[in-house]
Amino acid sequence: DVLNKNFVSIKVDRERRPEIDETYMLATEILNQSGGWPNNVFLTPDLKPFAAVTYLARNDFKELMQEITVHWTTNPGPVMGQAERVGNVIALYMQSQTEAQKVTPQLLKSLVKQATVHFDESNGGMGVAPKFPQESLLLFLLEQAERNLNDRAREVALKTLDGVIRGGIRDHIGGGFHRYAVDPAWRVPHFEKMLYNQALVGQALVQAYRMTGAKRYQSALRETLDYTIRDMQLPSGGFATASDAESKTSTGEKKEGAFFVWKPSELSKVLNEEDAAFASTTLGITEKGNFHGTSIPHLPAPLSAIAEKGAAGTSAVHEKLKNIKQQLNAARNKRAAPLRDDKVLTSWNAMLIRTLADASTILNDKRYAEAAGKAANFIWATHRTSEGDLKRFSFEGKTSALNGTQPDYAYLAMSYVALFDATGNADWLKRAIKLASDMNRLFADRDTGDYIMARTNDPIPPAKIRSDQPVPSGNSVALELLSKLSRRTLTVEYRQQANRLLAALSGNAASTPVSSGYALKSADEFLRGELGSVQFLGKGQVRVALDQSNPDQPKLNVRIASGWHINAEKPLEDAYIATKVSAQGKGDPKLSVVGYPEPIVRKLGFASGDMALYEGWFSITLTLDTSNPRPRTIQFTAQACSDKICLEPETLNMTLMPKSP
């Protein structure tokens with residue numbers, strides 16, 4: 001009654017309108033020196049904020065509203081003055097620029113140290129509790145561990161990821177990850193599942209598996225992606241936004257976590273005696289429990305340690321646990337499931353599409369690319385108008401009137417780049433180029449080089465996101481997108497745009513590395529090249545894919561665009577740059593055999609004599625010398641040429657996965 005009598009109340013869904021949330025959360029931080037949710041902001045009729053609070057008890061909130069009403073009706077001048085001052089500070093912040101920093105390997109090494117100062121040495125993760133995976137920071141640390149062999153980054157990233165995949169924050173029975181843990185050891189989660197967590201933790205698992213070859217990361221990745229396809233993908237192809245933390249118990253009472261917890265007696269009803277005992281020990285399901293007399297499944301000990309105690313190897317233990325999980329999941333599905341939010345958000349779907357596409361390559365599993373393609377086609381067909389405008393979300397097949405934000409454009413374009421890399425289908429790249437063009441037209445700040453978050457007519461300037469929490473910012477993803485497009489097309493503007501964006505982001509990223517992990521990751525990739533299993537040289541004219549399905553004899557599958565070539569491994573003249581494959585790593589790694597294809601010999605217009613060339617599609621087989629240290633990296637060096645020009649020679653570095661421990 002107090003609200004309706006004295007205020008115009010507007011409730012904002014921060015998933016639908018993230019730009020409003022971003023702007024007015026900044027207002028709360030300016031007014032109170034801290035933020036949080038629920039966020040309650042009081043505005044003048046022209047939408048300028050003058051007071052803000054997070055949670056208040058009912059009576060305290062009533063008193064605050066009554067006090068504001070008295071001030072507004074009896075002496076509005078000071079209120080308007082406060083609103084004007086806050087509005088000016090917000091405008092100044094949105095338009096501010098920090099001095100650009102040169103992102104060198106030395107700077108990144110120092111930023112790793114800064115970003116990990118609050119690392120929990122016992123459990124992994126940052127701080128005590130509540131604990132979030134902090135995926136953007138995790139991805140930056142994994143990138144530094146893989147590219148620069150930073151030992152501290154590797155230790156922090158893998159220990160954090162191990163804590164997450166062993167803890168109760170992971171749904172060990174059905175797959176996927178809950179939003180965060182309420183304890184330091186990752187055991188007790190807030191049971192809500194968000195689509196973006198599946199996508200971003202999945203990205204970290206892709207990177208960790210590529211770097212280590214460890215079975216535990218592969219298993220967690222497959223379980224997560226299988227969960228999203230099985231339980232979150234809608235018949236249309238899009239993915240639902242989230243599932244609730246609460247569900248009904250057998251007595252009809254609604255409780256948090258009811259769907260996910262177990263008792264030993266429940267195991268015995270599903271499994272035989274031996275498997276029930278194994279599951280109880282392996283998944284930490286005890287009579288005492290760890291959550292209101294029940295147990296949240298987790299791994300008290302690594303599966304490798306369990307294997308060491310018994311006769312079975314690690315792979316056999318993984319397989320046994322996998323079969324037990326399938327039986328428990330079938331039984332759990334007879335319970336009342338948590339409610340699912342079937343809203344299909346463009347940016348969150350794009351995050352998962354990208355992860356599915358990347359996983360399909362590293363796992364050599366086309367199912368994930370097919371699921372990604374189905375979702376990507378749904379978004380393209382349903383979330384875009386006939387004029388080509390991108391919309392923010394759809395629900396039950398009906399598209400919202402809300403315009404897409406800059407993160408929607410950036411994330412969706414990145415997902416199409418990932419699908420292009422995974423499938424080689426150029427239509428995905430064409431869509432990415434279209435979205436990048438629209439993003440630049442609609443959101444680019446020509447003065448600063450970065451992007452506003454959304455189109456708006458509000459009196460307060462549009463929000464700019466510079467923080468990579470809880471998800472990578474649209475600006476960080478745009479830098480990654482422009483970097484990738486610059487390596488996949490002949491368009492020189494992408495590199496120019498990326499340089500301007502890097503200058504706009506680098507100062508803030510260098511000063512706040514904990515909340516700028518993805519910006520730093522994107523910057524390092526832009527400046528020093530990609531790390532994935534599919535890479536490009538010659539401005540996209542040469543595609544190189546590392547096939548590791550046979551770990552002792554990997555292959556480089558090369559595709560060269562029509563009208564282009566690279567020189568053979570043994571050119572006919574010394575002046576030409578030879579195509580070369582080599583091994584890099586600790587010790588003295590060697591390749592026993594490099595099986596180059598037979599060259600094509602022909603004469604081109606710019607050369608006086610015959611040339612030995614590679615064209616079209618071919619494979620280079622690599623036989624590892626097992627008597628020497630296993631290579632860490634395969635290097636591919638070549639120079640892309642047409643019959644008129646030759647581009648600069650380039651070297652690609654591709655991580656060779658260690659054998660699974």
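Residues numbered from 1 in each chain as written. Predicted model: local features only at pLDDT ≥ 70, side-chain atom pairs only at ≥ 80, totals over all residues. Heavy atoms only, no water.

Considering the pairing of strand E1 (residues 40–43)
Move 1: Note that E1 and strand E2 (residues 49–53) share four bridges and pair antiparallel. Each bridged residue has a counterpart across the sheet, and for Asn40 the counterpart in E2 is Val53. (Pairing = 2+ DSSP bridges. Helix = DSSP H or I, 4+ residues; strand = E, 2+ residues; numbered from the N terminus.)

A word on helix H16 (residues 406–423)
Move 1: In this model H16 runs 26 Å from its N-terminal to its C-terminal C-alpha over 18 residues, within 8% of the 26 Å that 1.5 Å per residue would give.
Move 2: By the criterion of burial, H16 is predominantly enclosed, with 16 of the 18 residues buried.
Move 3: With its phi angle positive at about 75°, Gly424 sits one or two positions after the end of H16. (Expected span 1.5 Å × (residues − 1). Buried < 20%, exposed > 50% of the residue type's maximum accessible area, 1.4 Å probe, protein only.)

Topic: the pattern of salt bridges
Pairs can form between side chains of opposite charge once their charged atoms are near each other.
Move 1: Under the counting rule described, the total for this entry stands at 44 salt bridges.
Move 2: With a shortest N-O distance of 2.9 Å, Asp171 and Arg332 are connected by a salt bridge. Of this pair, Asp171 sits in the loop between helix H7 (151–166) and strand E3 (180–181) while Arg332 sits in helix H13 (residues 314–332); the two residues are 161 residues apart in sequence, bridging distant segments of the chain. Just as Asp171 is buried, Arg332 falls in that class too.
Move 3: For Arg179, the salt bridge goes to Glu192, with nearest N and O atoms at 3.6 Å. You can see Arg179 sitting in the loop between H7 and E3 and its partner Glu192 sitting in the loop between strand E4 (189–190) and strand E5 (193–194), a full 13 residues away along the chain.
Move 4: Taken together, the shared-partner salt bridges connect Asp13, Glu15, Arg16, Asp341 and Lys343 into one network. (Salt bridge = Lys/Arg side-chain N within 4 Å of Asp/Glu carboxyl O.)

Side note on the nonpolar core
Move 1: With 115 residues, the main nonpolar core has Leu205, Tyr217 and Tyr416 as its most contacted residues.
Move 2: Not counting chain neighbours up to four residues away, the residues in contact with Tyr217 comprise Leu158, Leu161, Asp162, Ile165, Leu205, Ala208, Tyr209 and Thr212.
Move 3: The next biggest cluster of nonpolar side chains, apart from the first, holds 26 residues, and it includes Leu546, Val581, Ala583 and Leu591. (Core = buried A, V, L, I, M, F, W, Y, C linked by side-chain atoms within 4.5 Å. Contact = heavy atoms within 4.5 Å.)

In short, the description is geometric, and any link to function would need to be established separately.
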